Structures are given as structure tokens and as C-alpha cells.
Amino acid sequence: MQLEITTPDDWHVHFRDGDALQYTVPATAKTFGRAIVMPNLVPPITTVTQAEAYRQRILAHAQGANFGSSTHLFEPLMTLYLTEQMASSEIAAAAASPHVFACKLYPAGATTNSANGVRDPANIYPLLEAMEKLDLPLLVHGEVTEQEVDIFDREAVFIDRHLAPIAKNFPGLRIVFEHITTAAAVDFVKESSNRIGATLTPQHLMHNRNDLLVGGIRPHLYCLPILKAANDQRALQQAAISGNPRFFLGTDSAPHARLTKEAACGCAGCYSAPTAIELYAEIFEQLGALDKLEGFASFFGADFYRLPRNITRLRLQRTSNIVPERAPFVGEDGIVPLHAGKTISWQQS
Ligand code: DOR
Ligand code: ZN
């Protein structure tokens, strides 16, 4: 059996920089036409000039990526990292740039390389106002960082304390609630106007916190926001296959070298890029909704960002496919991809 869909896009990916790019960029470019590239480098990408230079470094590794029968050049869609020090003129420059497509709000301390992020979203309201006016989408890592808030509650609390007020204060701002993990987030998006969308990762669709913690801790399933309960997982699955165009594909593929995850204090992030579309196909098939994959993977994100849908096609074969135990990465230890060593039923052809 074969499945053919319009070339998909990844609306949330981490490529890192330098030596990592030779691995991470081809892993995404072999499948996806475009990807929204996260700016949480060290130091973060906070200016259009930095974003342009980073884009060139990415493009140097994207040559000749293959899409099904046709050859196509992968397009990185750049983002800026919002800080409380950023000037509104930078937002204007971003909106004017043909290569910058959104700005990302990281609450300070919420996740990898977020130390320069935002301490209180109210402090960046002037930037959000400029983004609203210039129709530049806001991407949100939706977790509070207060010590007293339980890690499993941080997304739901963020909705009440910050996201709902932002949505109310900036009714024209397009917002992507990134890598949602809870039934509360699904409900929030469904109940919002159609300018609020959300991305869904393969790990949050395939797993819940039991998979992370029961019978031993599995560091390669540790990401942020952390995996939640089975009822949350079911709500995410239903959103993904609902055909609601405000839920779309964003892998949050976040590479960390093997020994930085298999450690006493392991890093957060799942590296799903090498078999991302296959993993989504696997879930959609298990949910009896393969016919909904193309909208989720190839149409709804482009429509939300108001970009043309891809015109090339991607073919997947239904065949037994073992995800490699390790992939090459910076350093000798390699990297452990999501679902490493497991057999899935789909493979790109
Ligand atoms: O698990 C995660 N890893 N979540 C994030 O928000 C950031 C990412 C990373 O950059 O490693
Ligand atoms: Zn991310």
C-alpha cells in the first residue's frame, strides 16, 4: 500500500547551529518543504540581521533535498526570540523581512536556552501591539515558570495567567500555541477565534507520562512541556484527526547528543526529524484517520501562516521500517531518535 500526500511542512523545529546543521537540516529537508525554525540558540536570534545570517548557514546544508519525484529546495522560515529589551523597531524590521515569519515567546527559564526569555509577558505588550498591527504571528511556549507551580500544571496555568489575557488584549494578533500537551489547551484553542492555532508533536500524540516514568525513566521521552496524562493524550489525538484547521503539524524536533540526555540531569527534547512524517502516519493510521493526515501535515499550517500550499508530493510506503537505534550527530556518541529501535509501518519512498 502507498500513501501520497502534498509535501508537508514542519511548523516547529530546532536545528541548532554550527556542526549540528549538517545532520539536522537534511533530516528535515528530505521530508518537509518548509520549516519554522526556532531561535533559541546561544545567544538567541533576536535581530533580523542574525536571522538572515542563520538562514544562510541552514541553506548551506539544504541543497538538493529530494521530495518524492521532484527535486525541490527546502525553505527555512525564520523567527525572532522575543526579549524584554527588544525595540519595537525590530518587530517592524521582522515584518518587512521576506525571511522572518514569526516571533517566539519563551518564558524565562521555561526550557532549553530560555534564560534570555520573557520574565513577565506583560513586559512585552508594546512588542505584541506592534506584531498585531503588522500581522506578524506570535509563537508561544506556553508554560509558567514559578517554582510553586507543579510541572504537570504549568501549561494550564499559563493559559489562565498569560495566554487568555494576551488573546483578549490583542484581538487581531495571530497566535500559535506551540506543542500543546493538555486537554485544557485543546479546549482553549477550540473555543478561541480562528486566529489562534496550535502545533502537535509526534511524542505528545504517541505517549503519555506513564511511558516516560513507569518501569524506569526514559530520558529520550523527556521533553518540555512534559508528557501529560492519558486523557490529555487522547484529547490531542482527537484534535489532530478532527480536521479542524487550527491544529497542525509541528514536530518540535529538538536534538541533544545522546549523553546529554542519558545523564543525571538530562536535557529536554525529542529528536524526531529523521522519521517524523512516518511517525505521524503511524498515529493517524492507528486512530483510523489516515485520510486526515494530509490536511494536518500539508495544508492547515500553510493556510494559518497565509503561505501557499506546497505543490510537490510525498510518497509513503506501508512497509516494516525499523527506526535506527542511533543517528550520527556532533561528537562520537551520536543521537537517539524518537522511537529508536522500534518498528513502524511507514517509510518514505
Ligand atoms: O523539549 C524541549 N526542547 N522543549 C523546548 O521547548 C525546547 C527544546 C529544545 O530546544 O531542546
Ligand atoms: Zn521547541
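Remember, it's a predicted structure, so these values are computed and weren't measured experimentally.

Participant: Any chance you could explain the site of ligand 1 here in plain terms?
Facilitator: Near ligand 1 lie 14 residues; those nearest to it are Arg16, Asn40, Thr111, Leu224 and His256. One nitrogen or oxygen atom from the side chain of arginine 16 is found 2.7 Å from an oxygen atom belonging to ligand 1. Between histidine 141 and ligand 1, the recorded distance is 3.2 Å, taken from a side-chain N or O atom to an oxygen atom. Against a free-state accessible area of 290 Å², the protein chains account for coverage of 100% of ligand 1.

Participant: Would you explain the coordination of the zinc ion (ligand 2) in this entry?
Facilitator: Around a metal, the ideal angle is 109.5 degrees if four donors adopt a tetrahedral arrangement and 90 or 180 degrees if six donors adopt an octahedral arrangement. Protein coordination of the zinc ion (ligand 2) is provided by His12 (NE2), His14 (NE2) and Asp252 (OD), with donor distances spanning 2.0 to 2.1 Å. The motif formed by the donor residues of the zinc ion (ligand 2), counted along the single chain, is H-x1-H-x237-D. In terms of burial, histidine 12 and histidine 14 fall into one category: buried.

Participant: Help me understand the packing of helix 5 (residues 154-169) against helix 6 (residues 183-191) in this model?
Facilitator: Geometry of a packed helix pair, given as the angle between the helix axes and the separation of the axes. The contact between helix 5 and helix 6 brings their axes to 10 Å, and the two run at 20°. Put simply, helix 5 runs roughly parallel to helix 6. Every pair of crossing elements has a handedness; the one defined by helix 5 and helix 6 is right-handed. Of the residues in helix 6, those touching helix 5 at Glu155, Ala156, Ile159, Leu163, Ala164 and Ala167 are Ala184, Ala185 and Phe188. Taken together, the residues that form the contact of helix 5 with helix 6 break down as 8 nonpolar, no polar and 1 charged.

Participant: Is there a simple way to think about the environment of proline 107 in this case?
Facilitator: Tracing the chain through its elements places proline 107 in the loop between strand 7 (100-105) and helix 4 (125-134). Here the alpha-carbon distance between proline 107 and threonine 83, two residues 24 residues apart in the chain, equals 9.4 Å. Excluding anything up to four places from it in sequence, proline 107 contacts Ser114, Val118, His141, Glu143, Thr145 and Phe158.

Participant: Honestly, the packing of aromatic side chains in this entry has me stumped. Any pointers?
Facilitator: Geometrically, a pair of aromatic rings is defined through the distance of the ring centres and the angle of the planes. Inspection of the entire model under this criterion finds 10 aromatic pairs. Ring centres of phenylalanine 177 and phenylalanine 188 lie 6.3 Å apart, and the angle between their planes is 90°; this geometry places the pair in the edge-to-face category. Here phenylalanine 188 lies in helix 6 and phenylalanine 177 lies in strand 9 (residues 175-177), a separation of 11 residues in the sequence. Residue phenylalanine 177 is classed as buried on the basis of its relative accessible area, which comes to 0%. Under the relative-accessibility criterion, phenylalanine 188 is labelled buried at 13%. A centroid spacing of 5.6 Å and a plane angle of 40° characterise the contact between phenylalanine 248 and phenylalanine 304, whose relative ring orientation is tilted. Taken as a pair, phenylalanine 248 in strand 11 (residues 247-249) and phenylalanine 304 in helix 12 (residues 293-305) lie far apart in primary sequence, 56 residues in all.

Participant: Looking at this structure, I do not really get the environment of phenylalanine 248. What am I missing?
Facilitator: Among the residues examined, phenylalanine 248 registers a relative accessible area of 0% and is labelled buried. Each C-alpha atom of the pair phenylalanine 248 and phenylalanine 296 lies 4.8 Å from the other, and the pair is 48 residues apart in sequence.

Participant: Teacher, can you tell me more about the pairing of strand 12 (residues 313-322) here?
Facilitator: Both faces of the sheet carry side chains from a regular strand, because those side chains alternate between them. Pairing geometry for strand 1 (residues 2-6) and strand 12, over 5 bridges, is antiparallel. Residue pairing for strand 12: glutamine 2 is matched across the bridge by glutamine 317. Of the pairings in the sheet, the one linking strand 12 to strand 13 (residues 343-348) comprises 5 bridges and is antiparallel in character. Among the inter-strand pairings, glutamine 317 is bridged to a residue of strand 13, identified as glutamine 347.

Participant: Can you walk me through the nonpolar core in this structure?
Facilitator: As a rule of thumb, soluble globular proteins bury nonpolar side chains together. With 88 residues, the main nonpolar core has Leu82 and Leu138 as its most contacted residues. Per-element accounting of this core gives the leading share, 7 residues, to helix 11 (residues 276-286). Excluding residues that lie within four positions of it along the chain, leucine 138 makes contacts with Leu82, Cys103, Leu105, Leu128, Met131, Ile166, Leu173, Arg174, Ile175 and Val176. Within the second largest apolar cluster, 16 residues are counted, among which are Trp11, Tyr81, Phe248 and Tyr305.

Participant: Explanation requested: the side chain of threonine 83 in the structure shown.
Facilitator: If you trace the backbone, threonine 83 turns up in the loop between strand 6 (75-81) and helix 3 (88-96). In terms of polar contacts, threonine 83 uses its side chain to reach the backbone amide nitrogen of methionine 86, at 3.1 Å. The contact partners of threonine 83, leaving out residues within four places of it in the chain, are Thr46, Asn116, Val118, Ile124 and Leu127.

Rules used throughout
- Within each chain, residue numbers correspond to sequence positions counted from 1 in written order.
- Each chain takes a letter, starting from A, and each ligand takes a number, starting from 1, following the order in which they are written.
- For this predicted model, a pLDDT threshold of at least 70 governs which residues receive local features, and a threshold of 80 or more governs which side-chain atom pairs are given and counted, while totals over whole chains, interfaces and linings are taken from all residues.
- Excluding hydrogens and water, the side-chain figures rest on all heavy atoms present in the structure.
- Summary of the distance rule: residues count as near a molecule or strand when at least one heavy atom falls within 4 Å of that molecule or strand.
- As used in this structure description, the phrase polar contact means that two N or O atoms lie within 3.5 Å; if the pair is within protein, one of them must be able to donate a hydrogen and the other to accept it, and residues adjacent in sequence are counted only when both atoms belong to side chains.
- Here the open area of atoms and residues is found with the Shrake-Rupley method and a 1.4 Å probe, where only the protein chains shown may cover a residue.
- Donor atoms: N, O and S within 2.8 Å of the metal, or within 3.2 Å for Na, K and Ca. Because water is excluded, sites can look incomplete.
- Buried residues are those whose accessible area, probed at 1.4 Å on protein chains only, stays under 20% of the maximum for their type, while exposed residues exceed 50% and partly exposed ones sit between those limits.
- Axes here refer to lines fitted to C-alpha atoms; in helices the fit is confined to the stretch in contact. Angles between the N-to-C directions go from 0 to 180 degrees.
- For the purposes of this entry, the term helix denotes a DSSP run of H or I that reaches at least four residues, the term strand denotes a run of E that reaches at least two, and both are numbered from the N terminus.
- Comment on the angle field: the value is read as roughly parallel under 35 degrees, roughly antiparallel over 145, roughly perpendicular from 65 to 115, and oblique elsewhere.
- Two helices that cross are described as forming a left-handed crossing if the nearer one is turned anticlockwise from the farther one by less than a right angle, and a right-handed crossing if clockwise.
- Only heavy atoms enter the contact rule, under which two residues are in contact if any of them lie within 4.5 Å.
- For this scheme, ten residues count as nonpolar: Ala, Val, Leu, Ile, Met, Phe, Trp, Tyr, Cys and Pro. Four count as charged, namely Asp, Glu, Lys and Arg, and the remainder, Gly too, count as polar.
- Pairing of aromatic side chains requires ring centres within 6.5 Å, counting the rings of Phe and Tyr and the six-membered ring of Trp. Pairs whose planes differ by under 30 degrees are stacked, by over 60 edge-to-face, and all others tilted.
- Strands are labelled as partners when DSSP assigns at least two bridges between them.
- Think of a nonpolar core as a cluster: buried Ala, Val, Leu, Ile, Met, Phe, Trp, Tyr and Cys residues, connected wherever their side-chain atoms sit within 4.5 Å.

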